[in-house]
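# Chain and residue survey
Now for the letters of each chain:
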Amino acid sequence: MTSTLLRGRTLSFVRWPETIDDHSAWRYEEDGGLLISDGRIVASGAYAQVEEQAGEGAKKIDHRPHLLLPGFVDTHVHFPQMQVIASYGAELLDWLNTYTFPEETKFANAQHGRRIARLFLDEMVRHGTTTVVAYCSVHKASAEAFFAESHDRNMLNIAGKVMMDRNAPEGVLDTPQSGYDDTKALIKEWHGKGRQHYAITPRFAITSSPEQMEMAGALCREHPDLHMQTHLSENHAEIAFTQQLYPWSRDYTDVYEHYGLLGKKSLFGHCIHLSEREADALSQSDSVAVFCPTSNLFLGSGLFDYQRFRHREKPLRIAAATDVGGGTNYSMLRTMDEGYKVIALNGEKLNPFQSFWQITRGNAEALSVVQKIGTLDQGTDADIVVLDARATPAMRLRMETVQTLAQELFLLQTLGDDRAVREVYVAGRAAKSDMAN
Ligand SMILES: [Zn+2]
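By the naming in an unreviewed UniProt entry, the protein is Guanine deaminase, taken from Mesorhizobium huakuii. For the protein, the Catalytic activity (unreviewed entry) comment in UniProt is given as "guanine + H2O + H(+) = xanthine + NH4(+)". Database annotation for the protein, UniProt heading Pathway (unreviewed entry): "Purine metabolism; guanine degradation; xanthine from guanine: step 1/1."

Dropping the structure here:
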């Protein structure tokens, strides 16, 4: 097996960086090396040392002066919404009824699902994202299309067929039994196949009947190692409607709690308007709150209180995500640019190291997959993004005055997008340049 030796400025996080000077929170090599063999990073560190281990046969690729980081992780995204993104003029519930549900009916057609799955993963790779947690449509075929495409590319992705049996058009509804059966069949076929992970995916409390919520809880009990993903507390009208549908519940979170859906592998998209009790319940169960800044701004949903959630007595585990198609960009750089502004509106700041921690190691920790992805550590999968802070004329000009790594990262986040992504490695394979050919 030929190995590959990458050279560049390597940056990988060890833990959450408390401040901009918290140097022991990351490893940075001005002249770094990564030795890749059989899809994994087998050596990582100063180039001279890694080169020694590489031996004669390794294929050398010099990415200097660019930065090598772990591939970005997007923890909440809807792959069937590529033709919904940039739809004008609605808040959450109208947006779902007017744009999203009609669009998702198209995924009954397997051929359509395969086409969009291919284009979706192309788009993710172009933007430097090597792992996504994806919602498919209600149709089993949409999840099959997604996993087949993901498996072909050898990407570590997490996805699930949406379960929804009410409050939506006929073409996007299942039943409690068919949702359960299709989920079981998909788990059997795809979970653990190569790098594929299945996520149990009740869309949210409004589109699932109590019977279906019971079924989702049963699936979580039968498969405690699987992820569960849903939406929580995004919008005031959504919260009020949920309260009407589940009149016995103490609050929105209580609905999911009641059906046994909280836990350390449970991902809750949005979490904007949580009460203190709800935040406590998420914290005590080690559940993950997923911050989707471009979506929350676009739909006018509200401001996720990132720093308060981190600093409260019972802190929340937090992930960050695009939430395309409610989100407005595929890029995790654009996402954190908007995230910075949301946090600023709450009177706080997120420093650039914290930001890049979040979209690499932080998101991998939130998904409990940090042993495999999210760092450049030896033994992990070789999912790597190569970033160029001089990708555009405006970035080049601004770089003339940049003196520190923190400034460079902040520039990448503020002005960068897919143009700043020079290359992407998926399990050691150069995937972005591959696609261009
Ligand atoms: Zn969503």
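A separate point is the side chain of Ser142. Note on placement: Ser142 falls in helix 4 (residues 140-152). When its relative accessible area of 0% is taken as the criterion, Ser142 is described as buried. Looking at Ser142, its side chain comes within polar contact range of the main-chain nitrogen of Ser137, at 3.0 Å. Excluding residues within four positions of it along the chain, Ser142 makes contact with Phe79, Phe107, Cys136 and Ser137.

The grouping of Leu297, Leu303 and Leu345 at the surface amounts to a nonpolar patch, some 250 Å² of accessible area in total. For Leu303, the location among the structural elements is in the loop between helix 10 (293-298) and helix 11 (306-311). For Leu303, a relative accessible area of 32% translates into the label partly exposed.

Bound to the zinc ion are the protein donor atoms His76 (NE2), His78 (NE2), His231 (NE2) and Asp323 (OD), situated 2.1 to 2.4 Å from the metal. Taken together, the four donor atoms coordinating the zinc ion and their angles of 88 to 169° define a geometry best described as irregular. Each donor residue of the zinc ion lies on the same chain, and together they follow the pattern H-x1-H-x152-H-x91-D.

The sheet built from seven strands is open, its strands ordered 3-2-1-4-14-15-16 with mixed pairing. Bordering the open sheet on either side are strand 3 (40-46) and strand 16 (429-430), each of which pairs with just one other strand. With four bridges joining them, strand 14 (residues 384-387) and strand 15 (residues 421-426) adopt antiparallel strand pairing. Paired with Ile384 across the two strands is Tyr425, which belongs to strand 15. Sheet contacts for helix 13 (residues 352-366): strand 1 (4-13), strand 2 (26-37), strand 4 (59-70) and strand 14; angle to strand 1, the most-contacted strand, approximately 120°.

What follows concerns the nonpolar core. Judged by nonpolar contacts, the single largest core of 108 residues is most densely connected at Phe120, Phe146, Tyr256, Tyr306, Phe356 and Leu387. The element contributing the most residues to this core is helix 3 (residues 110-126), with six residues. In this structure Phe356 touches Phe13, Leu69, Phe72, Leu333, Leu387, Leu409, Leu412 and Gln413, once residues within four positions along its chain are discounted. Within the second largest apolar cluster, 17 residues are counted, among which are Ala199, Val288, Ala364 and Ala366.

This part takes up the environment of Arg40. Here Arg40 shows up in strand 3. On the basis of relative accessible area, Arg40 is assigned to the partly exposed category, the value being 42%. C-alpha of Arg40 to C-alpha of Ser3: the two residues are 37 residues apart in sequence and 9.7 Å apart in space.

Using the criterion set out here, one finds 35 salt bridges in the structure. A salt bridge links Arg15 to Asp22, with the shortest nitrogen-to-oxygen separation between them at 2.7 Å. Given the relative accessible area of 12%, Asp22 is considered buried. A network of salt bridges, in which partner residues are shared, links Glu276, Asp280, Asp305, Arg308, Arg312 and Lys314.

Let us now look at the UniProt feature "domain: Amidohydrolase-related" (unreviewed entry) in the protein. With numbering aligned to this structure, UniProt lists the feature "domain: Amidohydrolase-related" (unreviewed entry) at residues 68-429. Between the C-alpha atoms that bound residues 68-429 there is a distance of 14 Å. The span itself is 43% helix and 17% strand.

Let's shift gears to empty space enclosed by the protein. With the rule as written, the count across this model stands at two cavities of 30 Å³ or more. As a volume, the largest cavity reaches approximately 100 Å³. Every residue lining the largest cavity is counted, 14 residues in all, and those nearest its centre are His78, Leu92, Leu96, His231 and Glu234. A total of three residues in the lining of the largest cavity trace back to one element, the largest contributor, which is helix 2 (residues 92-105). Looking at the lining of the largest cavity residue by residue, the class counts come to five nonpolar, six polar and three charged.

Parameters and conventions
- Residues numbered from 1 in each chain as written.
- Predicted model: local features only at pLDDT ≥ 70, side-chain atom pairs only at ≥ 80, totals over all residues.
- Heavy atoms only, no water.
- UniProt positions renumbered as here; feature names shortened; annotations may be inferred.
- Helix = DSSP H or I, 4+ residues; strand = E, 2+ residues; numbered from the N terminus.
- Buried < 20%, exposed > 50% of the residue type's maximum accessible area, 1.4 Å probe, protein only.
- Polar contact = N/O pair within 3.5 Å; in protein donor to acceptor, adjacent residues only side chain to side chain.
- Contact = heavy atoms within 4.5 Å.
- Patch = residues over 30% accessible without salt bridge, like charges linked within 9 Å, V, L, I, M, F, W, Y side chains within 5 Å.
- Areas by Shrake-Rupley, 256 points an atom, 1.4 Å probe, with all protein chains shown as cover.
- Salt bridge = Lys/Arg side-chain N within 4 Å of Asp/Glu carboxyl O.
- Donors = N, O, S within 2.8 Å, 3.2 Å for Na, K, Ca; no water.
- Tetrahedral: all angles 85-135°; square planar, octahedral: opposite > 155°, others 65-115°.
- Pairing = 2+ DSSP bridges.
- Axes fitted to C-alpha atoms, helices over the stretch in contact; angles between N-to-C directions.
- Core = buried A, V, L, I, M, F, W, Y, C linked by side-chain atoms within 4.5 Å.
- 1 Å grid on protein atoms, 1.4 Å probe; cavity = no way out; pocket = protein on both sides within 12 Å on 5 of 7 lines; lining within 4 Å.
- Points joined across faces, edges and corners; volume = space filled by probe spheres on them.
- Nonpolar A, V, L, I, M, F, W, Y, C, P; charged D, E, K, R; others polar.

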